[in-house]
Amino acid sequence: MSDPYFQTLFAERIGGANYGKGTEIYKFEKIKRAKRRALAEFPQRSLVDFGIGENDAMAAESVRARMVHELGLPENRGYMDNGNTAFKEAVARFMHRNFDVELDPMTQVNHCIGSKPALAMLPACFINPGDVTLMTVPGYPVAGTHTRYYGGSVYRLPLLAENDFYPDFKSIPADIWEKTKLLVINYPNSPTGKTATREFYEQVIELAKKHSFVVVQDAAHIMLTYDGPPMSFLQVPGALDVGVEIHSLSKGFDMIGWRIGWVCGHERVVRAFADVKDNSDSGQFGAIQNAAAAALDDDSIPHRVREKYRRRLEKLVEMLTRCGFKCEMPGGTYFLYTPAPKGLATGEKFENAEAASQYFITQHSIVTVPWDDAGPFLRFSVTYEAADEAAEDQLMAVAEERLKQCRLVF
Ligand SMILES: Cc1ncc(COP(=O)(O)O)c(C=O)c1O
């Protein structure tokens, strides 16, 4: 296909004149292709899919019913700009009840159309060319991508097993600290499943004040916390002086497709976010905001979602341990992050986690997501579809049988 006349006009940030010509295949596309191959070559073998990163259930029936009601209200028809008061007030109540955090709903809370666009917009508030955003890897890369779009750069903080999967702030050179404007952290952490300790957050607050940067804590998975009550960054003294926390109804409320979340914390950061947002979108549909407010007022919803994923993760940890994997219950998220096997008893070696993941899909129809950014790890998600506990147990039995046949070497 010949190039369009505007081929040389594409911005450098998306590849410039080479835009659309790359041949590199990205991780999730490779997984998709391997799945297709497994289905074609072994049509009789069921796919055991631990690769999906999305809740398997619909939103609670009460929330869907509320949505139906809201759909009929004329006041929900228009632009919502930076959001309605009912949602902001529900957020303030939620933050107070769950974390004992007091927020002024009008100045310290702003809705977003899911946490992804909030992570995309916050760099616009701070990053000039040459500035640095500190990001943990592996992780959710959106804030880093937008940092680069604005001419900034990303300094990667690997989450290594030897550091108990926390970033090593001591390894950051002085010239990077000088240029750092943003630190993006994510707890409970995807994909490692690690939760933050109070001491870790205290260290982050101290560093933010010392080196003068803003903290963005991505709390997308916060209601999926298993190792204690969910903890907000903002409940740690001093946090409200140094940044914001981003929340989402996607994971903890089974509302992933509804696209609703919020940014809360320091008033000036929230205001800057709201200004950028106001220049980017016109707000989430009012009916969704009101249904989400009703969801936030019902603590039984995140409780139920959490207990389901806790149960599934416990079963997964037991099953994988019996198959030789070294794993323990994650602190949070619906992911289990565990060292990838090095090869097979027959002598075959896996060069990295991606090779192991490809082997599992193509040879055993078991889907996992590989991470090689900070050592070879596989991510197993428990968002697979299973109608009831018996179906979950059946799936675990199938996975166990296949994994044991592999004769894995670690
Ligand atoms: C760590 C993390 N942050 C943010 C998001 C985005 O979530 P949403 O935009 O649905 O709120 C995800 C989704 O996978 C995530 O895993």
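In every chain, residue numbers begin from 1 and rise along the written sequence. Totals for whole chains, interfaces and linings use every residue, but because this is a predicted model, local features are given only for residues with pLDDT of at least 70 and side-chain atom pairs only at 80 or more, for both listing and counting.

K.L.:
Describe the overall build of the protein chain, with residues and values.
P.N.:
Each helix and strand in the protein chain was counted, giving 13 helices and 14 strands. A radius of gyration in this sense is built from C-alpha atoms; the matching globule rule multiplies 2.2 Å by the number of residues raised to 0.38. Since a compact globule built from 410 residues should have a radius of gyration of about 22 Å, the 22 Å found for the protein chain is in line with a globular shape. In terms of principal-axis extent, the alpha carbons of the protein chain reach across some 60 × 55 × 50 Å. Considering only intrachain contacts with a sequence separation of at least 6, the fraction spanning at least 24 residues in the protein chain is 71%. Strands here are runs of E lasting at least two residues and helices are runs of H or I lasting at least four, both read from the DSSP assignment and numbered beginning at the N terminus. Throughout, a pair of residues is in contact if the C-beta atoms placed from their backbones lie within 7 Å.

K.L.:
Provide a residue-level description of the UniProt feature "domain: Aminotransferase class I/classII large" (unreviewed entry) in the protein chain, including the pertinent values.
P.N.:
UniProt positions are given in the numbering used here, feature names are shortened, and annotations may be inferred rather than shown by experiment. Annotation from UniProt places "domain: Aminotransferase class I/classII large" (unreviewed entry) at residues 47-390. Summarising residues 47-390: 38% helix, 17% strand, and an end-to-end C-alpha distance of 17 Å.

K.L.:
Any details on the sheet that holds strand β12 (residues 369-371)? Residues and values, ideally.
P.N.:
Being paired, for any two strands, means DSSP has found at least two bridges between them. Pairing in this open sheet of 3 strands is antiparallel, and the strands run β9-β13-β12 from one edge to the other. This sheet does not close on itself; its edge strands, each paired only once, are β9 (335-339) and β12. Recorded for the sheet is a direction-independent mean angle of 30 degrees between the axes of neighbouring strands. Here β9 pairs with strand β13 (residues 377-381) via 5 bridges, running antiparallel. Looking across to β13, one finds that Pro 339 is bridged to Phe 377. All axes are obtained by fitting lines to C-alpha atoms, using only the stretch in contact for helices, and the reported angles, taken between N-to-C directions, cover 0 to 180 degrees.

K.L.:
Could you give an account of the pairing of strand β6 (residues 214-218), naming the residues involved and the relevant values?
P.N.:
When you tally the buried positions in β6, you get 5 out of 5 residues, the bulk of the element. With burial as the criterion, each face of β6 is covered, one bearing Val 214, Val 216 and Asp 218 and the other bearing Val 215 and Gln 217. With helix α7 (residues 198-211) bridging strand β5 (residues 180-186) and its parallel neighbour β6, the resulting β-α-β unit is right-handed. Of the pairings in the sheet, the one linking β6 to strand β7 (residues 243-248) comprises 4 bridges and is parallel in character. Residue pairing in the sheet places Asp 218 in a bridge with Ile 246 of β7. Buried means a residue has 20 or more other C-beta atoms within 10 Å of its own C-beta, exposed means 12 or fewer, and partly exposed covers the counts in between; C-beta atoms are placed from the backbone. Place the viewer so that the strands point away; then a crossover is right-handed whenever the path from the first strand over the helix to the second strand goes clockwise.

K.L.:
Describe unusual backbone geometry, with residues and values.
P.N.:
Of the consecutive residues Val 137 and Pro 138, the connecting peptide bond is found in the cis state with omega at 0 degrees. Omega for the peptide link from Tyr 187 to Pro 188 comes to -5 degrees, which places this bond in the cis form. At Asp 81, a residue that is not glycine, the phi angle is positive and equals roughly 45 degrees. Residue placement: Asp 81 occurs in the loop between α2 (61-71) and α3 (85-99). The backbone phi angle of Asp 100 is positive, close to 60 degrees, even though this residue is not glycine. Relative to the elements of secondary structure, Asp 100 occurs in the loop between α3 and β2 (109-112).

K.L.:
With reference to specific residues and values, describe the packing of helix α4 (residues 115-126) against helix α5 (residues 142-149).
P.N.:
Where α4 meets α5, the axes come as close as 8 Å, and the angle between the chain directions of the two elements is 30 degrees. For the crossing formed where α4 meets α5, the hand is right-handed. Two secondary-structure elements touch here, α4 through Lys 116, Leu 119, Ala 120, Leu 122, Pro 123 and Ala 124 and α5 through Val 142, Ala 143, His 146 and Thr 147. Split by residue class, the contact of α4 with α5 holds 7 nonpolar, 2 polar and 1 charged. The handedness criterion is simple: a crossing whose near helix is rotated anticlockwise from the far helix by less than a right angle is left-handed, and one whose near helix is rotated clockwise is right-handed. Classes in brief: Ala, Val, Leu, Ile, Met, Phe, Trp, Tyr, Cys and Pro nonpolar; Asp, Glu, Lys and Arg charged; the others, Gly included, polar.

K.L.:
Tell me what's going on with the sheet that holds strand β8 (residues 261-265), and back it up with residues and numbers.
P.N.:
With mixed pairing, the 7 strands of this open sheet are ordered in space as β2-β8-β7-β6-β5-β3-β4. At either end of the open sheet lies a strand with only one pairing partner, and these are β2 and β4 (153-158). Each strand axis lies, on average, 20 degrees off the axis of its neighbour in the sheet, ignoring direction. Where α3 meets the sheet, its contacts fall on β2 and β8, and the angle it forms with β2 comes to roughly 115 degrees.

K.L.:
Break down the domain arrangement of the protein chain for me, citing the residues and quoting the values.
P.N.:
Domain boundaries shown here were taken from an automatic or database domain assignment. Parsing the protein chain into structural domains produces domain 1 (25-53 + 301-409) and domain 2 (61-298). Relative placement of domain 1 and domain 2: their C-alpha centres are 29 Å apart. Of all the secondary structure elements, the ones that give two or more residues to the side of domain 1 that touches domain 2 are α11 (300-322) and β9. Top element by residues in the side of domain 1 that touches domain 2 is α11. It accounts for 6 residues.

K.L.:
Just give me the short version of the environment of Val 142, but keep the residues and values in it.
P.N.:
As for its position among the elements, Val 142 is in helix α5. For Val 142, a count of 20 C-beta atoms within 10 Å translates into the label buried. Along the chain, Val 142 and Met 80 lie 62 residues apart, while their C-alpha atoms are 24 Å from each other. The contact partners of Val 142, leaving out residues within four places of it in the chain, are Lys 116, Leu 119 and Ala 120.

K.L.:
Which residues make up helix α12 (residues 353-364), and what are the values?
P.N.:
The terminal C-alpha atoms of α12 lie 16 Å apart, and with 12 residues this matches the ideal 16 Å at 1.5 Å per residue to within 8%. Considered for burial, the residues of α12 that qualify are Ala 353, Ala 356, Ser 357, Tyr 359, Phe 360, Ile 361 and His 364. Immediately downstream of α12, the backbone of Ser 365 shows phi near 55 degrees, a positive value. Take the residue count of a helix, subtract one, and multiply by 1.5 Å to get its expected span.

K.L.:
I'd like a description of the nonpolar core, backed by residues and values.
P.N.:
A set of buried residues drawn from Ala, Val, Leu, Ile, Met, Phe, Trp, Tyr and Cys, joined through C-beta atoms within 7 Å, is what defines a nonpolar core. Among the nonpolar cores identified, the biggest contains 116 residues, and Val 91, Cys 264, Ala 292 and Ala 295 are the most heavily contacted of them. A total of 8 residues in this core trace back to one element, the largest contributor, which is helix α10 (residues 286-296). Summarising the domain contributions, this core has at least three residues from each of domain 1 (25-53 + 301-409) and domain 2 (61-298). Once you skip the residues sitting within four places of it in the chain, Ala 292 turns out to touch Phe 87, Leu 249, Met 255, Trp 258 and Ile 260.

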